[in-house]
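Coordinate inspection notes
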Amino acid sequence: MSEQHRPGAWRTGVIGQLRTILFGVLWFTILFAWDAADSWFYLRRATSRIKTDETTVEQLKGAVLEYVTGAGAAYILMGLMAGVMLHIVLNILHPRRPSWSSWLLTAGSIAAISTVLGLARQIITFPTLHGWFPWRRHWAEFAEPWWVDIAWAAATLIVLMLGWRRWASIAPRRFVSLVAAGAIYGGSVAVLLQPLEADEAVDNEGLNVVLLGVDALRPDRLSHFGNPRKTSPNMDAVLAESVIFTQAFSQISRTYPAWTTTMTGSWPTTHGIRDNLPTADRLVPKQALLPMVLQSEGYATGFATDDSRFSYMVPDTGFQMIRQPTVGLQNFAISVNEPRFRAFHGFLHNRVGFGLLPVQAYNQSFGASYRPGQFVEWAVDGLAELSRADQFFYAIHSCVLHVPGDRVYPWYRMFDQVGYKGANRFRYSASGSSLVVNEVDNAKGKRAKRIAEQDLKIYDSGIRMADDLVGEVVDELKASGLWDNTILILFSDHGEEIWAPDLPYKWWGPNHGFHVYGEGHTNIAFSIRFPDGKHAGTVVDDPVRLIDLAPTIADLLGIQWPNPVDGETVMPLVRGEDEGAPRPVYMETGLSEPRYWVHGHKRYPFKRVSKRYKLDPESDQVHIRTKFLPHLIAAKDRAMQIGKWKLIWHSLKQGIRVDLYDRESDPYNRIDRAEDHPDIVEELGRALTPFLAIDGISPPPVEEWVERSRPAKRKDTRFRKRMERLGGTLPAAAILDPPETSEASPPKP
């Protein structure tokens, strides 16, 4: 038998092996070119309207180029791995050296079938990545991932059958060795690409504290509080063993300032973090933070989150272990316009791939490809690491409810989402829908209602995603024995506003922190589960604040706080003690937009993003510009809430305007009651005035607030129409002429 036709001879040549591996690289180069072209389209479309300077544009280009370069390296690696497997498969199918055309046909067919099957499965599991496919919704709703798995198994079986038929009469042992080589290689690659599996936690001697935070969680959407959808079985189980605070409120519905408020026990006006992305010198406030205090008391401290775009921790905050996505311009600018490198997410969305694209690791801001189960493992692994200490404090922050809100399999099928045909089928309408909604918009209002109902289903399915994290953490605490010596606090930093008819602002999808209307984004989840089950089932309806959380933990652990705080421990309320009067709740907005403002509102002087924020090239972190911060603070709307009443202060260009709302009868804040209850305006105004003074605002006497608000209200057509529809008392004729301005210059940073 000639060397050319001896079974397996062609396989031993270096050229034959190299040819197949190069074909694998070519295969994935083609996939990379397709994905890169699609990604360029998304990035171009999403960033074309950004108003910024050339320097910022170049920085953005650099971040994109770095990301694409990492993706390119990943595709080369995938091509090499695929080429090796392809070489083994071709050996199985061709005992003798095939002709060039036969080899190319076989290799091309394998690559094509593998690509189609990979896409077919990924469209089911990650549909948002596949906007190119016209029947995406139909396939995602109809098919199951295991169907594709069966097709893979069938294709593998066909290859083996064909190979056996060709090898059986020539060299059956050689066939077995080739199959074994393929199995060993495939198994080795599978192990290499296996995602992180959490280590097991161990019991310790101390009294531990676990703070489970779910970003944007509205307590009223938990099934425990009456949501007919089964959104939260694991949270419900925790709540059944906990003290529940039904009237807990955030001071600012933005993540980093809310967490800073939680960790310091201080108002935002005290600790100075007034919005996300503070400048580097303000990132850590002067006040002591809870992890700092606990670390000084011998606690190991840790923090884990799956979103670090707008809020992240640094070691100076007191956290010794920090697990969070890579902080930087890539994360901040690219994630919301997520590139479509689909093959990467099919093969390398794991520790190997994260080495090439670190920003993708455990990062829900890349929502189209996010795998919540991987973050759960990472967070539980952090629990295992901290449990080696005698006592620990662990803060976990899940952001799956946050925009962009992409839903992956199986969550996008929950709660009757199947069959919905709108643009927000798989993610929130905030990603592109603009609707001015109220009851008199007729057709537009009906369309908005359908969109908003789908947003709510997406939101509720996100709660179920977060609920899985809670369940895994609780299971690990129980399995390790830590459940019996750990205080578990379940809370949210803020809630989320969802659509309702006749809102006092222009609707633009789910939102938080842009205004202080309503309670959807200010009322938060807050419960405490004690190790011995003490106070289980207790419900506290008195108002509490985020500023009360740190003093409460200090109280429970018997720790003296090193500096004065604004908050108070909630334990007197838990014990049923009468405090005499409800605790005042101060709230303020973060960076906002005109659609949320009343007529005559202050505007920001800087429209370009580059004039508001800057990139620190050394740290690769985005910060608010120092020159913009005073204007952001000056334009904040503020609210003071005491008992059933809420007073809202609108920051106007000229004059003043305050609204008064009855929270019990009007939770959406549609009907202004200031004209009916000027005495309440004065009472809440006196409580609000110190906060205004801190920001350099000098209002007129509170006795004049109702009168001085009338001119601005009369000019607000939207306000007047809403009041007329709903039967509110319109402003009477003005008695006092408004001054040119009732506010001081913006406070200096």
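Residues numbered from 1 in each chain as written. Predicted model: local features only at pLDDT ≥ 70, side-chain atom pairs only at ≥ 80, totals over all residues. Heavy atoms only, no water.

Counting secondary structure elements, the protein contains 22 helices and 17 strands. Its C-alpha radius of gyration of 29 Å places the protein within 12% of the 27 Å reference for a compact globule of 749 residues. Dimensions of the protein, computed from the C-alpha atoms along their principal axes, are close to 110 × 60 × 50 Å. Among the 749 residues that make up the protein, the fraction classed as buried is 58%. Carbon and sulfur atoms make up 57% of the accessible area of the protein, which amounts to about 30400 Å² in all. (Helix = DSSP H or I, 4+ residues; strand = E, 2+ residues; numbered from the N terminus. Rg over C-alpha atoms; globule rule 2.2 N^0.38 Å. Buried < 20%, exposed > 50% of the residue type's maximum accessible area, 1.4 Å probe, protein only. Areas by Shrake-Rupley, 256 points an atom, 1.4 Å probe, with all protein chains shown as cover.)

The next subject is the sheet that holds strand β8 (residues 523-524). Strand order in the open sheet formed by three strands is β8-β3-β11, and the pairing between neighbours is mixed. Of all the strands in the sheet, just β8 and β11 (544-545) have a single pairing partner and so form its edges. Direction of pairing for strand β3 (residues 248-249) relative to β11: parallel, over a ladder of two bridges. Across the sheet, F249 pairs through a bridge with R545, a residue of β11. (Pairing = 2+ DSSP bridges.)

Let us now look at the pattern of salt bridges. Tallying each qualifying case throughout the model produces 38 salt bridges. D502 is the salt-bridge partner of R725, the closest N and O atoms lying 2.4 Å from each other. Residue R725 is found in helix α22 (residues 717-726), and its partner D502 is found in the loop between β7 (486-491) and β8; the two are separated by 223 residues along the sequence. With relative accessibility at 33%, the residue R725 sits in the partly exposed group. Under the relative-accessibility criterion, D502 is labelled buried at 2%. Each of R274, E588, K636, R638 and D695 takes part in salt bridges that share partners, so that together they form one network. (Salt bridge = Lys/Arg side-chain N within 4 Å of Asp/Glu carboxyl O.)

A few words on the pairing of strand β12 (residues 585-588). Taking every second residue as pointing to the same face, both faces of β12 are buried, with V585 and M587 on one and Y586 and E588 on the other. Pairing analysis gives four bridges linking β12 to strand β15 (residues 638-642), with the strands arranged antiparallel. Residue pairing for β15: V585 is matched across the bridge by Q641.

In this section: a nonpolar patch on the surface. A cluster of nonpolar side chains, contributed by F142, W146, W147 and I150, occupies part of the molecular surface with about 460 Å² of accessible area. Looking at the nonpolar patch, the element that brings in the most residues is helix α5 (residues 145-167), giving three residues. Note on placement: F142 falls in helix α4 (residues 136-142). (Patch = residues over 30% accessible without salt bridge, like charges linked within 9 Å, V, L, I, M, F, W, Y side chains within 5 Å.)

Moving on: the nonpolar core. If you look at soluble globular proteins, the nonpolar side chains tend to sit buried side by side. If you look at the biggest cluster of nonpolar residues, it comprises 100 residues, and the most contacted ones within it are Y75, L211, F245, F393 and F526. Ranked by residue count, the leading element in this core is helix α2 (residues 54-93), at 14 residues. Once residues within four sequence positions are removed from consideration, F393 is found in contact with V209, L211, M263, L290, P291, L294, Y299, A300, T301, G302, F319 and L386. Counting 56 residues, the second largest nonpolar core, distinct from the first, contains I244, M321, A361 and W378. (Core = buried A, V, L, I, M, F, W, Y, C linked by side-chain atoms within 4.5 Å. Contact = heavy atoms within 4.5 Å.)

Turning to the side chain of R221, a few remarks are in order. Summarising the element assignment, R221 is placed in the loop between β1 (208-214) and α7 (233-240). Look at R221 and you get buried, because its relative accessible area is 14%. Side chain to side chain, R221 and D460 meet in a polar contact 2.7 Å long. Dropping the residues within four chain positions of it, R221 is found in contact with N227, R229, T231, L456, Y459, D460 and I463. (Polar contact = N/O pair within 3.5 Å; in protein donor to acceptor, adjacent residues only side chain to side chain.)

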